[in-house]
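# Summary of structural features
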Amino acid sequence: MANKGPYYITTAIAYTSGKPHIGNSYEIVLADSIARFKRKDGYDVRFQTGTDEHGQKNEIKANEEGVTPKEFVDRIAGEIKAVCDCLNCSYDRFIRTTDEDHERQVQKMFKKMYDKGDIYKGYYEGLYCTPCESFWTESQLVDGKCPDCGREVKPAKEEAYFFKMSKYADRLIDYINTHPEFIQPVSRKNEMMNNFLLPGLQDLCVSRTSFKWGIPVTFDEKHVVYVWLDALSNYITGLGYDVDGNSDELYKKYWPADLHLIGKDIVRFHTIYWPIFLMSLGEPLPKTVFGHPWLLSGNGKMSKSKGNVIYADDAAKLFGVDAVRYFMIHEMPFDNDGVVSWELMTERINSDLANILGNLVNRTISMSNKYFGGVVENKGVTEAVDEDLKAVAVDTYNRAAKKMEDLHVADAITEIFVLFKRLNKYIDETEPWKLAKDEASKDRLATVLYNLCEGIVIGASLLWPYLPETAEKIAKQLNTELRDFDALDKFGLYPSGNKVTETPEILFARLDINDVNAEVEKIAQRQKAEAGVTEEPVKEEESTIEVTLQPEIEYDDFAKLQFVVGEIVKCEEVPKSKKLLCSQVKIGNQTKQIVSGIKQYYSAEEMVGKKVMVLLNLKPATLAGVVSEGMLLCAEDDKGNVILMTPEKDMPSGSSIC
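Throughout what follows, the structure given in this document is the object of discussion. The structure presented is a predicted model; accordingly, all values stated were derived computationally and were not measured.

## Some remarks on the overall build of the protein
Helix and strand counts for the protein stand at 21 helices and 26 strands. In terms of overall dimensions, the protein is globule-like: its C-alpha atoms have a radius of gyration of 28 Å, near the 26 Å expected for 658 residues. Sequence-distant contacts in the protein: of pairs separated by 6 or more residues, those separated by 24 or more amount to 75%. With the model as given, the accessible surface of the protein reaches about 30700 Å², and the carbon-plus-sulfur share is 48%. Both charge centroids of the protein, one from 80 positive and one from 103 negative side chains, sit 2 Å from each other.

## Quick notes on the pairing of strand E20 (residues 590-596)
The pairing of strand E19 (residues 581-587) with E20 spans seven bridges and is classified as antiparallel. Bridge pairing in E20 links cysteine 582 to valine 595. As consecutive antiparallel partners, E19 and E20 are separated by two residues, and within that stretch glycine 588 has a phi angle of approximately 65 degrees, a positive value.

## Points about the side chain of serine 207
In this fold, serine 207 is placed in strand E10 (residues 207-208). Exposure remark for serine 207: the relative accessible area of 0% places this residue in the buried category. Looking at serine 207, its side chain comes within polar contact range of the main-chain nitrogen of tyrosine 161, at 2.8 Å. A distance of 2.8 Å separates polar atoms of two side chains, one belonging to serine 207 and the other to histidine 223. If sequence neighbours within four positions are ignored, serine 207 has contacts with Phe110, Ala160, Tyr161, His223, Val224, Val225 and Tyr226.

## Brief notes about the sheet that holds E19
Judged by pairing direction, the sheet is antiparallel, and its five strands sit side by side in the order E20-E19-E18-E21-E24 without closing on themselves. Among the strands making up the open sheet, the edge pair consists of E20 and strand E24 (631-632). For strand E18 (residues 563-573) and strand E21 (residues 611-615), the ladder comprises five bridges, and the chain directions are antiparallel. Residue pairing in the sheet places glutamate 567 in a bridge with lysine 611 of E21.

## Observations concerning the packing of aromatic side chains
Applying the stated criterion across every chain yields a total of 25 aromatic pairs. Members of the aromatic cluster, joined through ring pairs, are Tyr8, Tyr235, Tyr241, Tyr251, Tyr254, Trp255 and Trp274. Here the guanidinium or amino end of lysine 19 rests over the ring plane of tyrosine 311, the centre of that ring lying 4.5 Å away. Seen from the ring of tryptophan 464, lysine 40 lies directly overhead, with NZ or CZ sitting 5.3 Å from the centre.

## What to know about the packing of helix H11 (residues 312-319) against helix H19 (residues 513-530)
As a packed pair, H11 and H19 sit with axes 11 Å apart at the nearest point and diverge in direction by 150 degrees. With respect to their mutual orientation, H11 and H19 come out roughly antiparallel. For the pair H11 and H19, the sense of crossing is right-handed. Along its contact with H11, which presents Asp314, Leu318 and Phe319, the element H19 presents Val516, Glu519, Val520, Ile523, Arg526 and Gln527. Considered class by class, the residues forming the contact of H11 with H19 number five nonpolar, one polar and three charged.

## Topic: the sheet that holds strand E6 (residues 134-136)
On the basis of which strands lie adjacent, the open sheet formed by four strands has the order E6-E5-E7-E9 and antiparallel pairing. At either end of the open sheet lies a strand with only one pairing partner, and these are E6 and strand E9 (204-205). Direction of pairing for strand E7 (residues 154-163) relative to E9: antiparallel, over a ladder of two bridges. Along E9, the bridge assignment pairs phenylalanine 162 with cysteine 205. In this fold helix H10 (residues 267-281) packs onto E6, E7 and E9, with an angle of close to 35 degrees to the strand it touches most, E7.

## A closer look at the pattern of salt bridges
With the rule as written, the count across this model stands at 49 salt bridges. With a shortest N-O distance of 3.5 Å, glutamate 405 and lysine 38 are connected by a salt bridge. On the criterion of sequence distance, the pair formed by glutamate 405 in helix H14 (residues 384-405) and lysine 38 in helix H1 (residues 22-40) is long-range, its members being 367 residues apart. On the accessibility criterion, lysine 38 (11% relative accessible area) is buried. Close ionic contact of lysine 599 with glutamate 573 constitutes a salt bridge, the shortest N to O distance being 3.3 Å. One end of the pair, lysine 599, is in the loop between E20 and helix H21 (604-607); the other, glutamate 573, is in strand E18, and 26 residues separate them in sequence. The exposure class assigned to lysine 599 is partly exposed, which follows from its relative accessible area of 22%. What you see here is one network of salt bridges that share partners, running through Glu53, Lys70, Asp74 and Arg96.

What counts as what
Residues numbered from 1 in each chain as written. Predicted model: local features only at pLDDT ≥ 70, side-chain atom pairs only at ≥ 80, totals over all residues. Heavy atoms only, no water. Helix = DSSP H or I, 4+ residues; strand = E, 2+ residues; numbered from the N terminus. Rg over C-alpha atoms; globule rule 2.2 N^0.38 Å. Contact = heavy atoms within 4.5 Å. Areas by Shrake-Rupley, 256 points an atom, 1.4 Å probe, with all protein chains shown as cover. Lys, Arg positive; Asp, Glu negative; His and termini not counted. Charge placed at Lys NZ, Arg CZ, Asp CG, Glu CD. Pairing = 2+ DSSP bridges. Buried < 20%, exposed > 50% of the residue type's maximum accessible area, 1.4 Å probe, protein only. Polar contact = N/O pair within 3.5 Å; in protein donor to acceptor, adjacent residues only side chain to side chain. Phe/Tyr/Trp six-rings, centres within 6.5 Å; stacked < 30°, edge-to-face > 60°. Lys NZ or Arg CZ within 6 Å of the ring centre and 35° of its normal. Axes fitted to C-alpha atoms, helices over the stretch in contact; angles between N-to-C directions. Parallel < 35°, antiparallel > 145°, perpendicular 65-115°, else oblique. Left-handed = near helix turned anticlockwise from the far one by under 90°. Nonpolar A, V, L, I, M, F, W, Y, C, P; charged D, E, K, R; others polar. Salt bridge = Lys/Arg side-chain N within 4 Å of Asp/Glu carboxyl O.

Below, the structure written as structure tokens:
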């Protein structure tokens, strides 16, 4: 395969405050699938991830544990790296901001920026959020709290160095306007321009004196370099960048980065601070920064005390690594948040991996063994139905590659499963079991099984970036090798006369939700024990609620009401309202917007993923300026406690309530 040139992809580096849950781990799997696809497509790929380790939060946590900050971050960085390795991620470097080469270059960058006049000393007085390590003004707060995380802020004042952001603002605005590919999706670009750049940038605090766990400023050692100048620089220090011009060949080869893959919550730092830092250093800007959406829990906010945190390694032990990778990649839309739960993972594994893919491979190999002793030969007895199958197979790479080029990764894997579905349909169309009964159709039967094996190899080769272990197992069972992408436009490369394995391995077994729930309960109990939670049985009180009957209605009146099961796919607080949440509710093949006065009982985050009971045909109403197209059914006790009414068992959205 021809070398298409260098390709450099990075993730954001994970902050070492604790073990990442599955939503945090999504990014590394997404990046790995892109890196693997590019490698298979002929690019010389460099893939970097790592950990962000300095800052006040880690200094505080280390003190609480009675260890040094370095001992604390060593442990957490090890846990984060272990999760990356568990998920079979093929990074080239796992950088840590405590690495000596990184720290040395950050100090030199700071000095160069200072000498250039881009950094100056002053002092900062404002409201400080420790978890975000950010200063805010009173006007920037939301309900008196940090606008980023919603936590409490405290007054703080300290001497600090500042970076002159406004010096480069016009140049950055011009760059963004002339490079539409720089910030993706376009909604993130609009947010950065309208909310930050166009209103005017404030100078950025780039050093601190109130804690010591950081990279010392060489010419003023009571200061340590503040988090973003330290953390963001990893993308070039990890390539051997040198401020003095003696950069490593890796830097010369791979910079500027082709893709910074980051969460949507840190787009501002990567598309405003980072490019301005690079402009100050005189270095090129990355080609694309993609702010991906979040993978949110469908069972409320994750908390170990609740026992509902989904960790990637727990999921991998339960379902297998590739099953978890598939779910993460497939369930995340391009620019909307996805939902994760144990139930959803089980459903997806059964429907896609076991039924569509696993069943296809198993049936094909079993029939090859049953009818021909495992020998697969192309007898060239073709029919019209073969041509459609071949057309779908040889075009799958083009369709998937187009989706990958646009970073629609979930859509790319869907295109591959279009081929697997077409192969299953081909079995139904050709009916090999009927052909086997007629000796005159023996060569046609052989050709059908050959076409199935060939189509599976093409699909498996494309599947490798996303499910590498599964793709390799398929190739092994078919006694062949996965192909480079430049060979996937040809049908018929599977060696005629090849012999498949005698006993096909079950790639993905169907799961019983009861068995899954039993294992999930063990995980929940372990988490609660680790969090020090002891549960005592709750004594149920006999109901004393007095029920007042409303006037009777006719059955015909009741029959006018349409009750259905809905699934909340997105939920946001209604601005300027203390009571209202606005939910996007999937009901069958449509989505309705429903406003509910339950904000004091549910957060917007924990609403997402819930199956709810909906009054569907309620006349639309406008509440606090937002249109509501239905009603969520709730129950309220005599103490004013409110809960959503949900189905006892999992039911598809759109199911009628009768």
